[in-house]
Amino acid sequence: MNIVIFGAPGSGKGTQSALLIEEYGYYHISTGDVLRAQIAQGTELGKIADSYISKGQLIPDELMIDILDDVLSAHPESAKGVVFDGFPRTIHQADALDVLLEKRGGKLDIVVGLEVEEEELIERLINRGKTSGRSDDNMETIKKRLDVYNNQTNPLRDHYMEQGKYEAVHGMGSIEDIFANIKSVVEKHRSL
Ligand code: B4P
């Protein structure tokens, strides 16, 4: 299965993706982690990525799509199923994902949307900022990230609803309870 974990910054995408991988053994691609690894290594790509991330902006679509294509090609085990964490973030990326999967004989099965109130998102990210060292976990950048999410990423919710692929999951409460709900949604699609 190919699963997208969708949600606002701080909605728990990374947290729940890790549990999904543990449970089902799919290949995990966090585009945020891929970019942060490049930043940590000081590569040219990392410098470009940092200039967007630290301002709370999205990396340009074409660049992000090329990076994803490269990651998929470098990991043939991804053909058995992927948890896409943080991708797609725009309609253009969503269209590109369909093409990338089709090219490899696959398709997107389900989009798990973690739905969390904005106040809670801000609290989580501010808390993470105390220890993460991330250039984007501060109040000013968090507000920009939420604006970008509302304007550019949230429209994907309707896009995937129209395709019958969107499964809303209440993303507040304990990590275990949220995961139990995600699991039941994934199991439902696995048995289809
Ligand atoms: P990401 O790395 O995807 O960062 P994120 O949206 O903050 O989500 P993350 O997965 O890290 O946090 P989570 O919600 O799990 O992206 C960072 C940046 O990279 C973007 O802003 C953008 O610039 C760039 N980028 C990435 N992908 C891109 C793309 N496709 N196109 C263009 N640009 C892209 O967790 C947040 C916190 O909440 C954690 O501290 C966690 O412990 C906590 N938490 C989780 N679940 C909880 C719960 N149930 N209760 C309490 N706390 C919880």
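Residues numbered from 1 in each chain as written. Predicted model: local features only at pLDDT ≥ 70, side-chain atom pairs only at ≥ 80, totals over all residues. Heavy atoms only, no water.

Caption draft 1: Seen up close, the site of the ligand. Close to the ligand lie 28 residues, the nearest being Gly-12, Thr-31, Arg-36, Gln-57 and Arg-145. A distance of 2.6 Å separates an oxygen atom of the ligand from a polar backbone atom of Gly-12. Residue Arg-124 places a side-chain N or O atom 3.4 Å away from a nitrogen atom belonging to the ligand. Taking 1,000 Å² as the accessible area of the ligand by itself, protein coverage stands at 87%. (Near = heavy atom within 4 Å. Polar contact = N/O pair within 3.5 Å; in protein donor to acceptor, adjacent residues only side chain to side chain. Areas by Shrake-Rupley, 256 points an atom, 1.4 Å probe, with all protein chains shown as cover.)

Caption draft 2: Structural context of helix H5 (residues 91-103). Relative to the 18 Å expected for 13 residues at 1.5 Å per residue, H5 spans 19 Å between its end C-alpha atoms, a close match to the ideal helical length. Here H5 has its buried residues at Gln-93, Ala-94, Ala-96, Leu-97, Leu-100 and Leu-101. Viewed end-on, H5 has its buried residues packed into an arc of 160°, placing them on one side of the element. Turned more than 90 degrees off the buried face of H5, the exposed positions are Val-99, Glu-102 and Lys-103. Considering only its buried residues, H5 is in contact with strand E1 (2-7), helix H4 (61-74), strand E3 (82-85) and helix H8 (155-162). Just beyond H5, the residue with positive phi is Gly-105, at close to 75°. (Helix = DSSP H or I, 4+ residues; strand = E, 2+ residues; numbered from the N terminus. Expected span 1.5 Å × (residues − 1). Buried < 20%, exposed > 50% of the residue type's maximum accessible area, 1.4 Å probe, protein only. Arc of directions from axis to C-beta. Contact = heavy atoms within 4.5 Å.)

Caption draft 3: Quick peek at the sheet that holds strand E5 (residues 166-170). The five strands lie next to each other as E2-E3-E1-E4-E5, forming an open sheet whose pairing is parallel. Of all strands in the sheet, those with a lone pairing partner are strand E2 (27-30) and E5, marking the two edges. Put simply, the sheet's adjacent strands are angled 20° from each other on average, direction ignored. Taken together, the five bridges between E1 and strand E4 (residues 110-115) define a ladder with parallel strand orientation. (Pairing = 2+ DSSP bridges. Axes fitted to C-alpha atoms, helices over the stretch in contact; angles between N-to-C directions.)

Caption draft 4: Region of the structure containing the packing of helix H7 (residues 139-153) against H8. Axis separation between H7 and H8 bottoms out at 5 Å; the angle between their running directions is 35°. In contact with Tyr-149, Asn-150, Asn-151, Gln-152 and Thr-153 of H7, H8 contributes Pro-155, Leu-156 and Arg-157. Tallied by class, residues from the contact of H7 with H8 come to three nonpolar, four polar and one charged. (Nonpolar A, V, L, I, M, F, W, Y, C, P; charged D, E, K, R; others polar.)

Caption draft 5: Representation of the packing of helix H2 (residues 31-41) against helix H3 (residues 44-53). Running from N to C, H2 and H3 cross one another at 120°; their axes reach a closest spacing of 7 Å. Crossing hand, H2 versus H3: left-handed. Along its contact with H2, which presents Leu-35, Gln-38 and Ile-39, the element H3 presents Leu-45, Gly-46, Ala-49, Asp-50 and Ile-53. The class makeup of the residues in the contact of H2 with H3 is five nonpolar, two polar and one charged. (Left-handed = near helix turned anticlockwise from the far one by under 90°.)

Caption draft 6: Region of interest: the packing of aromatic side chains. Within the structure shown, the criterion is met by three aromatic pairs. Consider the rings of Phe-6 and Tyr-149, whose centres lie 6.1 Å apart with planes at 45°: the pair is tilted. Of the two residues, Phe-6 is situated in strand E1 and Tyr-149 in helix H7; the sequence distance between them amounts to 143 residues. What makes Phe-6 buried here is its relative accessible area of 3%. Between Phe-6 and Tyr-166 the ring centres are 6.1 Å apart and the planes differ by 80°, which places this aromatic pair in the edge-to-face class. Remark: Tyr-166 occurs in strand E5 and Phe-6 occurs in strand E1; sequence separation between them is 160 residues. On the basis of relative accessible area, Tyr-166 is assigned to the buried category, the value being 11%. One aromatic cluster is present, formed by Phe-6, Tyr-149 and Tyr-166 through successive ring pairs. (Phe/Tyr/Trp six-rings, centres within 6.5 Å; stacked < 30°, edge-to-face > 60°.)

Caption draft 7: The arrangement of the side chain of Asn-2 in detail. For Asn-2, the position within the fold is in strand E1. A distance of 3.1 Å separates a polar atom in the side chain of Asn-2 from the backbone nitrogen of Val-82. Those residues in contact with Asn-2, other than ones at most four positions away along the chain, are Gly-81, Val-82, Phe-84, Leu-101, Lys-107, Leu-108, Asp-109 and Ile-110.

Note that all results are geometric; they support no functional claim without further evidence.
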